[in-house]
Amino acid sequence: MKLQCVILATLLLLLPAGRGGKPESSAIDLRTFIGCAVREFTFLAKKPGCKALRITTDACWGRCETWERPILEPPYIESYHRVCTYNETKLVTVMLAKCAPGVDPFYTYPVAIRCDCDICSTATTECETA
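These numbers were taken from a predicted model, which means no experiment stands behind them.

Participant: Sorry, what's going on with the confidence of the model for the protein chain here?
Facilitator: For the protein chain, per-residue confidence averages 79 on the pLDDT scale, and residues scoring 70 or more make up 78% of the total. In the predicted structure, residues 1–25 sits below a pLDDT of 50 and forms five contacts with residues beyond four places in sequence or in another chain.

Participant: Would you explain the environment of Asp 104 in this entry?
Facilitator: Considering the arrangement of structural elements, one finds Asp 104 in the loop between strand E5 (83–95) and strand E6 (106–118). What makes Asp 104 partly exposed here is its relative accessible area of 44%. In this structure, the C-alpha to C-alpha distance between Asp 104 and Gly 49, residues 55 residues apart in sequence, is 9.0 Å. Setting aside residues up to four positions removed in sequence, Asp 104 forms contacts with Lys 47 and Cys 50. A polar side-chain atom of Asp 104 sits 3.2 Å from the main-chain amide nitrogen of Phe 106.

Participant: In this structure, what is going on with unusual backbone geometry? I would like to understand it.
Facilitator: Glycine aside, negative phi is the norm for most residues, and most peptide bonds take the trans geometry. Cis geometry is found at the peptide bond from Pro 74 to Pro 75, where omega equals 10°. Within the secondary structure, Pro 75 sits in the loop between strand E3 (66–70) and strand E4 (77–81). Within the chain, Tyr 76 stands out as a residue other than glycine whose phi angle is a positive 70°. Note on placement: Tyr 76 falls in the loop between E3 and E4. For Lys 98, which is not glycine, the phi torsion reads 50° and is therefore positive. In this fold, Lys 98 is placed in the loop between E5 and E6.

Participant: What's the story with the layout of surface pockets in this structure? I'm lost.
Facilitator: When its volume is computed, the largest pocket comes out at roughly 430 Å³. Forming the walls of the largest pocket are 14 residues, and the residues nearest its centre are Val 83, Cys 120, Thr 125, Glu 126 and Cys 127. At four residues, the largest contribution of residues to the lining of the largest pocket is made by E5. Of the residues in the lining of the largest pocket, the class split is seven nonpolar, five polar and two charged.

Here is what the cut-offs are and how they apply
- Residues numbered from 1 in each chain as written.
- Predicted model: local features only at pLDDT ≥ 70, side-chain atom pairs only at ≥ 80, totals over all residues.
- Heavy atoms only, no water.
- pLDDT = per-residue confidence, 0-100.
- Contact = heavy atoms within 4.5 Å.
- Helix = DSSP H or I, 4+ residues; strand = E, 2+ residues; numbered from the N terminus.
- Buried < 20%, exposed > 50% of the residue type's maximum accessible area, 1.4 Å probe, protein only.
- Polar contact = N/O pair within 3.5 Å; in protein donor to acceptor, adjacent residues only side chain to side chain.
- 1 Å grid on protein atoms, 1.4 Å probe; cavity = no way out; pocket = protein on both sides within 12 Å on 5 of 7 lines; lining within 4 Å.
- Points joined across faces, edges and corners; volume = space filled by probe spheres on them.
- Nonpolar A, V, L, I, M, F, W, Y, C, P; charged D, E, K, R; others polar.

This is how it looks when you write it as C-alpha cells:
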C-alpha cells in the first residue's frame, strides 16, 4: 500500500500543470471585476511588546452591485447595497517573536474560506455609513 501511495504521489508531481505544461493564469481583469472572491493578502501582525510579523493569508476582495433610485413615497429612496464580506472563515493562531516578559505571544487572525456579496454586518466588517 505504501508503495502505491509513493508511485501515485510521484506521478502527480510529474503531470504537467494546466494545459501544455504551463500553469494556468487568471484571465480576470481586477479593474473591471464585479463580484466577491478570496484573494491573497499580506499584512503586518502587531502586538504591543512583541516584534511584528508579516503574514500572508486569504481575505475577501471585490466590488458588489449597489444602487439607489428615487421613489415618490417616503423614505423617497430605494436602495440596494451589498459589500464583499466573509461567508466562511477559519481562525489561525501564530506565535509572535521576541515578546516582552508577561506579554501573550499568540496572535489570532481570520482566514477567508468563502466570500460573498451580502449586507454589511458590523460583526465581521467595517461598514461605512457616511
